[in-house]
Amino acid sequence: TFIFCAFLSCKNETKTEETSTETKVETTYKSFGETIIPDDAISANSMAEHYKAMNAGDSINSKMIAKVEEVCQAKGCWMKVDLGNNEQVMVKFKDYGFFMPKNIAGKEVIMNGKAFVEEVSVNEQRHYLEDAGATAEEIAAITEPKKTLSFLADGVLLIEE
C-alpha cells in the first residue's frame, strides 16, 4: 500500500508483487515529497561505490534504498542514512518542502534525488549536532570543515512493516 502525503492530505495505493513461489508479497510505503515509485532503486552499498569516485562539487541523479540512522529531532528536516562501511549520507529535502517523522531510525527508505559530495562548514556541523541533541562538549569539539556525502531528496518512500 502506498500512502502519499502532501502536508495534510494522503492517498492510499497498493502494490502487489509475485515471488518465485507464487506467493504474493505486499510492501507498504508512506510517501513524502514528490511521488516516486520504488522500482530501480540501487542499494546503499552500490551507492557507496559511486560516492568513492566523486569529489567535492560532483553530483549524480540517483534513487537508492538505505537504512535511516538518525533524524533531525527538531523538525525532521534532515536525516542520515547508512551507506555501509561505517559511512553515512546526510539527506536534506528539496526546497525544504517536506519533513520526515522523527521516529524512523532503523527503518528503510527509498530516496530519489541528487547525490553529491560537499564540504560542510564548522558552523553547519555544529548546527546538526545541536539538532541531534549533542552535548556542548561534542559541539565545541568540531573545529574544522569536513567532506560529507550528501543527498538532496525530492521524494522519499518510507518502507513500513
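What counts as what
Residues numbered from 1 in each chain as written. Predicted model: local features only at pLDDT ≥ 70, side-chain atom pairs only at ≥ 80, totals over all residues. Heavy atoms only, no water. Buried < 20%, exposed > 50% of the residue type's maximum accessible area, 1.4 Å probe, protein only. Helix = DSSP H or I, 4+ residues; strand = E, 2+ residues; numbered from the N terminus. Arc of directions from axis to C-beta. Phe/Tyr/Trp six-rings, centres within 6.5 Å; stacked < 30°, edge-to-face > 60°. Pairing = 2+ DSSP bridges. pLDDT = per-residue confidence, 0-100. Contact = heavy atoms within 4.5 Å. Core = buried A, V, L, I, M, F, W, Y, C linked by side-chain atoms within 4.5 Å. Disulfide = S-S within 2.5 Å.

## Here's the deal with helix α1 (residues 44-52)
Taken together, the buried positions of α1 are occupied by A44, M47, A48 and Y51. The buried side chains of α1 occupy one side of the element, clustering within an arc of 110° when seen end-on. Exposed and facing more than 90 degrees away from the buried side of α1 are N45 and K52.

## Here we look at the packing of aromatic side chains
Going through the model one piece at a time under the given rule, you end up with 3 aromatic pairs. Judged by centre distance (5.7 Å) and plane angle (65°), the rings of W78 and Y128 are edge-to-face. You can see W78 sitting in strand β8 (residues 78-84) and its partner Y128 sitting in helix α2 (residues 122-131), a full 50 residues away along the chain. Each member of the pair, W78 as well as Y128, is classed as buried. For the ring pair F93 and F98, a centre distance of 4.8 Å and an interplane angle of 45° mean the geometry is tilted. Since its relative accessible area comes to 5%, F93 is described here as buried. Residue classification places F98 among the buried positions, given a relative accessible area of 9%.

## Quick notes on the pairing of strand β9 (residues 87-93)
In terms of strand pairing, β8 meets β9 through 6 bridges, oriented antiparallel. Within the sheet, the bridge partner assigned to M79 lies in β9 and is V91. Pairing of β9 with strand β11 (residues 146-160) involves 4 bridges; the strand directions are parallel. Paired with K92 across the two strands is L152, which belongs to β11.

## Examining the confidence of the model for the protein chain
The predicted model of the protein chain averages 86 in pLDDT, with 84% of residues at 70 or higher. Here strand β2 (residues 9-13) stands out as the least confident element of the protein chain, with mean pLDDT 40; strand β7 (residues 59-71) is the most confident, with 97. Note on residues 1-16: pLDDT is under 50 here. Beyond four places in sequence and across chains, it has 45 contacts.

## Comments concerning the nonpolar core
Judged by nonpolar contacts, the single largest core of 28 residues is most densely connected at Y51, M79, V81 and V156. At the level of secondary structure, the elements contributing two or more residues to this core comprise α1, β7, β8, β9, β10 (108-120) and β11. At 5 residues, β11 tops the list of elements feeding residues into this core.

## Focus on the environment of G133
Looking at the secondary structure, you find G133 in the loop between α2 and α3 (136-140). Judged by relative accessible area, which is 59%, G133 ranks as exposed. Separated by 59 residues in the primary sequence, G133 and A74 have C-alpha atoms spaced 9.0 Å apart.

## Quick look at the state of the cysteines
For the coordinates displayed, the defined rule picks out 0 disulfides. Cysteine C72 is unpaired, with the sulfur of C77 as its nearest cysteine sulfur at 3.6 Å. Note on C72: relative accessible area 0%, which makes it buried. Residue C77 is classed as buried on the basis of its relative accessible area of 13%.

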